[in-house]
Amino acid sequence: MKNRSINQLSKAILAILGLMCLGFSIVIIILLTPGEQFIQEPNYSFYCGVQSETEPHTDITQISVLEQRGMILFKESCAPCHQCSSEALVGPGLKGISSRKSFRWIVNWIQNPSKVLKKRDKYALKLFENFNRAEMPAFPNYKKEDIKAILAYIELYP
Ligand code: HEC
């Protein structure tokens, strides 16, 4: 008699556990099922490797070949230290760089920052101090065309 009630009790516990598991699974399924608001347009958000909900997503198919090329170069070489916004990372945010400095200055800088610093370029020296004397690597292989592409990409940032 005692054994039987223990048996019944364990059956009841098993049943309760089973129901709990079932309920839990249902909750998980509901949570994981995308509702209307979660369904997104195919989205190729790419702003400088930074994805955020406050930044608009641009369709990669809508940007020019030059900008796409700039995106690849930027992500590869610049994104570890720079953002296209005005927010600093390791280096300054590059938003508005084309209006801040001449194309020639930017090319000289990217191809050989230490040469620009050695020439005691005031702007560069100040920047260098402001960024804790962190040295930007030189990209001597980047030709004007490559840098044009990078700048075009940076300018996509709203
Ligand atoms: C390892 C980090 C690093 C990488 C990678 C890097 N930079 Fe920089 N960059 C810096 C730092 C730091 C500065 C600030 C000046 C200094 O400290 O030398 C800077 C400054 C600049 C400036 C001047 C910004 C201004 O506000 O005037 C430009 C333009 C720039 N970088 C472009 C680029 C581009 C384009 C690339 C990719 C091809 C790149 N950087 C890759 C670290 C980096």
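Residues numbered from 1 in each chain as written. Predicted model: local features only at pLDDT ≥ 70, side-chain atom pairs only at ≥ 80, totals over all residues.

Labelled according to an unreviewed UniProt entry, the protein chain appears under the name Cytochrome c, originating from Pseudarcicella hirudinis.

A. Summary view of the overall build of the protein chain. Scanning the protein chain from N- to C-terminus turns up seven helices and zero strands. Written out in order from the N terminus, the α and β elements of the protein chain read α-α-α-α-α-α-α. Per-residue burial for the protein chain yields a buried fraction of 15% across its 158 residues. Taking all contacts inside the protein chain whose residues are at least 6 apart in sequence as the whole, residues at least 24 apart take part in 62%. (Helix = DSSP H or I, 4+ residues; strand = E, 2+ residues; numbered from the N terminus. Buried ≥ 20, exposed ≤ 12 C-beta atoms within 10 Å, placed from the backbone. Contact = placed C-beta atoms within 7 Å.)

B. Structural detail: the nonpolar core. In terms of nonpolar packing, the biggest core is built from 11 residues, these being Met71, Phe74, Cys78, Cys84, Leu94, Ala149, Ile150, Leu151, Ala152, Tyr153 and Ile154. Residue assignment for this core shows that the elements contributing at least two residues are helix 2 (65–78) and helix 7 (144–155). Apart from residues no more than four positions distant in its own chain, Ile154 is found in contact with Cys84, Leu94 and Ile97. (Core = buried A, V, L, I, M, F, W, Y, C linked by C-beta atoms within 7 Å.)

C. Up close: the packing of helix 2 against helix 7. Running from amino to carboxyl end, helix 2 crosses helix 7 at an angle of 95°, the nearest separation of the two axes being 7 Å. Accordingly, the angle class assigned to the pair helix 2 and helix 7 is roughly perpendicular. Mapping the contact onto sequence places Leu66, Glu67, Arg69, Gly70, Met71, Leu73, Phe74 and Cys78 in helix 2 and Asp146, Ala149, Ile150, Ala152 and Tyr153 in helix 7. Looking at the contact of helix 2 with helix 7 residue by residue, the classes come out as nine nonpolar, one polar and three charged. (Axes fitted to C-alpha atoms, helices over the stretch in contact; angles between N-to-C directions. Parallel < 35°, antiparallel > 145°, perpendicular 65-115°, else oblique. Nonpolar A, V, L, I, M, F, W, Y, C, P; charged D, E, K, R; others polar.)

D. Fine view of the environment of Asn108. Residue position: Asn108 is located in helix 4 (residues 103–111). Among the residues examined, Asn108 registers 17 C-beta atoms within 10 Å and is labelled partly exposed. Residues Asn108 and Phe139, 31 residues apart in the sequence, show an inter-C-alpha distance of 9.8 Å.

E. Representation of the site of the ligand. Taken together, 25 residues sit near the ligand, with Cys78, Cys81, Gly91, Phe131 and Met136 positioned nearest. Sorting the residues of the shell around the ligand by element identifies helix 2, helix 3 (97–100), helix 4 and helix 6 (122–130) as the ones contributing at least two each. Broken down by element, the shell around the ligand gets its largest block of residues, three residues, from helix 4. In terms of residue class, the shell around the ligand is built from 19 nonpolar, three polar and three charged. (Near = placed C-beta within 6 Å.)

F. Focus on the environment of Pro92. With respect to the helices and strands, Pro92 occurs in the loop between helix 2 and helix 3. As a C-alpha pair, Pro92 and Leu127 span 35 residues in sequence and 8.4 Å in three-dimensional space. For Pro92, the contacting residues outside a window of four places in its chain are Leu127 and Phe131.

G. Examining unusual backbone geometry more closely. The phi dihedral of Asn132 is positive, around 50°, even though this residue is not glycine. Mapping Asn132 onto the fold places it in the loop between helix 6 and helix 7. Even without being a glycine, Arg133 presents a positive backbone phi close to 55°. Position of Arg133 relative to the elements: it lies in the loop between helix 6 and helix 7. Exposure remark for Arg133: the 8 C-beta atoms within 10 Å place this residue in the exposed category.

H. Quick look at the confidence of the model for the protein chain. Mean pLDDT over the protein chain: 83, with 80% of residues reaching 70 or higher. Predicted confidence is poor over residues 39–45, with pLDDT under 50, and the contacts of this stretch with residues over four places away or in other chains come to six contacts. This model gives residues 51–57 a pLDDT under 50, and the stretch forms six contacts once residues within four places in sequence are excluded. (pLDDT = per-residue confidence, 0-100.)

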